[in-house]
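For reference, the chains in residue letters:
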Amino acid sequence: MNQRHSLRPVTWLMVGGRHAGIALFTVFALFPFVWAASVALSTDTSYMWVFPQAFIPHKPGLGWLIRVFHEIELLVYLRNSLLIASLTTLGVLLLAVPCGYALALIDFPGRQALFGLIILTMMLPTETMIIPNFLTCIHLGLLDTWTGTIVPNIASALGAFMMRQAFTDLPRETLDAARVDGASEWQVLWRIALPLALPMAGALATLTFVAAWNDYLWPQVILNSQDKVPLAVGIFHDLTGEFSTSTSLLMAAITVSVIPVLAGFALTQRYFLSSTLVGRQAI
Amino acid sequence: MALPGVRPATGWLFVAPFCAVFAVFTLWPLGYNAWLALHDYFLQTGHTQWNGFANFVMLTWPEREFGPALKNSLIFLVLVPMLQIAGLGLALLLHRPFPAVGLIRALCYVPVIIAMSIAAVVWRQAFAADGLVNSFLATLGLVSPQDPPLWFSRENLALYPVILFAFWKNLGFYMVLYLAGLQSVPREQHEAAILDGANRLERLRHVTLPALQPVILLCTLLATIYALKAMQEPLYLTRGSAHTTTALLYVWNAAFYGHQFGYAAAAGLIITVICLLLAVFQFRLLGDQGRLRHGGEA
């Protein structure tokens, strides 16, 4: 009893330190968004540069948020982002699922070599591929098209790798039973293997969607028309160009463009925070 | 192992669509980039001309400033220990359950999923001369409000807010990796250490850290590759001005602003080779036959 008593101040210090640490990291992670939202919601801008008043909306109002929709082609960008990210995700799944299945469960010559190549390219800077891909797209006449934006990204090495891992982990007996019953490999894949590997396919879809949604470099290179660019490109250009003079409008635009991402993240966060996914994404 | 009734041709058929796109947009660029590095490319006509190693020789010219860009990429490596220490620290704080721990983990992950180009716009505002950061530092008495530092235009200063931005953007990712690692630390060892009278710090040093060694190594390698490939952070924050150009951003600028595709390819090839060497190293340590899969022995 006595000993426990003497431990108390130390324990309190540790609990306090722990909470202070957590609070500090959380504030660090969120301050740009809180600041942006607070400025966007202030009708009086006099405190937006002053710490710490800037973090609380001053004379709150929705004026700036409404102006965003009038002055920036936000809905066009949103539609473009949705289309590009959805079609990229669909393409990645359509290519990666059969490829991962064959790499995991079918023995064919060249399998090891192909898998080695796939892993190797995952570690190289994709940014250096932009120059040759740009030239290829000029030759194929894909400049300023969504096809050119999407197709170069659908042969995802990470996708093939993740699906191979998922199919490798499946129980062989179930698959062999289907084969004995006369199912073709194509049927085994879609009817039996894929439903069992659905969590990984979902994780891959989520990852691909976010990556495509956030991509800036490639869409910026390939697309010229203002009405075709996704949110990450369009907003950045508007905000560093003609709207850079109005910080309130800029912060309002940021706030509005971040909201759908946060909503999507809230629904799918278990994929992002699950250790298996991140571990595999990392390798 | 050949499966009964499964023909190799089926395997080829299944990988064919992936391989076709992969060959055109991933393998071909790698080869073409290496080939282009030894040529002059004429954008107007699309012609190429063999120039020996002239592109590589040009990279060594001081007035071309490839050296400073490479140096900035190396300075970016301070990100590696920063991410390990803070990532592990945050994971330790959020490892044991408490109310709303899931929410806080998710909140700390938010920077990872926000488009970098959009987040960077806020950071540019925060680090403006009359921005929030200077206001905060003035409150602490660290800078004078009359003569605030111009973070992005001072040449020996500009790279550091860029690195801080990269740190902010990636911290959540490493937190999750370390959280996963912490889950695999055997409980019995902790309990045994408690019985032996070890305090928290001793348990961290002698139980947790040794058990985490594979994760620490993985994270260090990932962060190293990431830091060497950094280019979007300076592109969005400073447009590569004020001596924040990294090696890969240098490639980008040479290609799309200088229109020297062959020269850019040569610089790109050097970075690719560095990443390749790191990848080989990573395979040795982390692959299926690697040391870590065998308990760090042999």
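Residues numbered from 1 in each chain as written. Chains lettered and ligands numbered in written order. Predicted model: local features only at pLDDT ≥ 70, side-chain atom pairs only at ≥ 80, totals over all residues. Heavy atoms only, no water.

Caption draft 1: Highlighting the overall build of chain B. The helix and strand inventory of chain B stands at 13 helices and two strands. The C-alpha atoms of chain B give a radius of gyration of 24 Å, which is well past the 19 Å a tight globule of 298 residues would have. Judged by the C-alpha coordinates and their principal axes, chain B covers about 80 × 75 × 35 Å. Every one of the 298 residues in chain B was classed for burial, and the buried ones make up 52%. For chain B, contacts bridging at least 24 residues in sequence account for 65% of all contacts bridging at least 6. For chain B, the accessible area works out to roughly 14000 Å², and carbon and sulfur atoms hold 65% of it. If you average the places of the 17 positive and of the 13 negative side-chain charges in chain B, the two averages end up 6 Å apart. (Helix = DSSP H or I, 4+ residues; strand = E, 2+ residues; numbered from the N terminus. Rg over C-alpha atoms; globule rule 2.2 N^0.38 Å. Buried < 20%, exposed > 50% of the residue type's maximum accessible area, 1.4 Å probe, protein only. Contact = heavy atoms within 4.5 Å. Areas by Shrake-Rupley, 256 points an atom, 1.4 Å probe, with all protein chains shown as cover. Lys, Arg positive; Asp, Glu negative; His and termini not counted. Charge placed at Lys NZ, Arg CZ, Asp CG, Glu CD.)

Caption draft 2: Local environment of helix H12 (residues 231–240) of chain A. In terms of burial, H12 of chain A is largely enclosed, as nine of its 10 residues are buried. Taken together, the buried positions of H12 of chain A are occupied by Leu231, Ala232, Val233, Gly234, Ile235, Phe236, Asp238, Leu239 and Thr240 of chain A. Elements that come into contact with the buried residues of H12 of chain A comprise helix H3 (74–105), helix H10 (198–214), helix H11 (217–222) and helix H13 (247–273) of chain A together with helix H6 (116–126) and helix H11 (232–238) of chain B.

Caption draft 3: Main features of the packing of aromatic side chains. All names here are of chain B. On inspection of all chains with the given rule, the structure shows 32 aromatic pairs over all chains. Relative to Phe165, the ring of Trp123 has its centre 5.5 Å away and its plane inclined at 65°; by these criteria the two rings are edge-to-face. You can see Trp123 sitting in helix H6 and its partner Phe165 sitting in helix H8 (residues 159–183), a full 42 residues away along the chain. Taking the relative accessible area as the measure of exposure, Trp123 reaches 1% and is therefore buried. (Phe/Tyr/Trp six-rings, centres within 6.5 Å; stacked < 30°, edge-to-face > 60°.)

Caption draft 4: Geometry of the UniProt feature "domain: ABC transmembrane type-1" (unreviewed entry) in chain A. Mapped onto the present numbering, the UniProt feature "domain: ABC transmembrane type-1" (unreviewed entry) falls at residues 78–268 of chain A. End-to-end, the C-alpha atoms of residues 78–268 of chain A are 19 Å apart, and along that stretch the chain is 75% helix and 0% strand. (UniProt positions renumbered as here; feature names shortened; annotations may be inferred.)

Caption draft 5: Representation of unusual backbone geometry within the structure. Phi angles above zero are rare outside glycine, and Asp144 of chain A is one such case at about 60°. Within the fold, Asp144 of chain A resides in the loop between helix H5 (130–139) and helix H6 (146–150). For Asp144 of chain A, a relative accessible area of 16% corresponds to the buried category. The backbone phi angle of Ala100 of chain B is positive, close to 70°, even though this residue is not glycine. The exposure class assigned to Ala100 of chain B is partly exposed, which follows from its relative accessible area of 44%.

Caption draft 6: Region of interest: the UniProt feature "transmembrane region" (unreviewed entry) in chain B. Residue and element names in this part refer to chain B. UniProt marks residues 12–31, 74–94, 106–126, 158–180, 207–228 and 261–283 with the feature "transmembrane region" (unreviewed entry), using the numbering shown here. Regarding residues 12–31, the helix share stands at 100% and the strand share at 0%, and the terminal C-alpha atoms are separated by 23 Å. Helix makes up 90% of residues 106–126 and strand makes up 0%, while its end C-alpha atoms are separated by 23 Å.

Caption draft 7: Structural view of empty space enclosed by the protein. Residues and elements named next belong to chain A. One pass over the structure, following the stated rule, counts six cavities of 30 Å³ or more. Its boundaries defined by the atoms lining it, the second largest cavity holds a volume of some 60 Å³. Considering the residues around the second largest cavity, the lining is formed by Ser38, Val39, Ser42, Asp44, Thr45, Tyr47, Met48, Gln53, Ala54, Ile56 and His58. Of the residues in the lining of the second largest cavity, the class split is five nonpolar, five polar and one charged. (1 Å grid on protein atoms, 1.4 Å probe; cavity = no way out; pocket = protein on both sides within 12 Å on 5 of 7 lines; lining within 4 Å. Points joined across faces, edges and corners; volume = space filled by probe spheres on them. Nonpolar A, V, L, I, M, F, W, Y, C, P; charged D, E, K, R; others polar.)

Caption draft 8: Quick peek at the layout of surface pockets. By volume, the largest pocket amounts to about 1100 Å³. Along the wall of the largest pocket there are 26 residues; nearest its centre are Leu92, Arg96, His190, Arg200 and Arg203 of chain B. Mapped onto the lining of the largest pocket, the elements with two or more residues apiece are helix H1 (2–40) of chain A together with helix H4 (79–93), H8, helix H9 (187–195) and helix H10 (200–228) of chain B. Counting residues per element, the lining of the largest pocket draws most heavily on H1 of chain A, at six residues. Residue composition of the lining of the largest pocket, by class: 13 nonpolar, seven polar and six charged.

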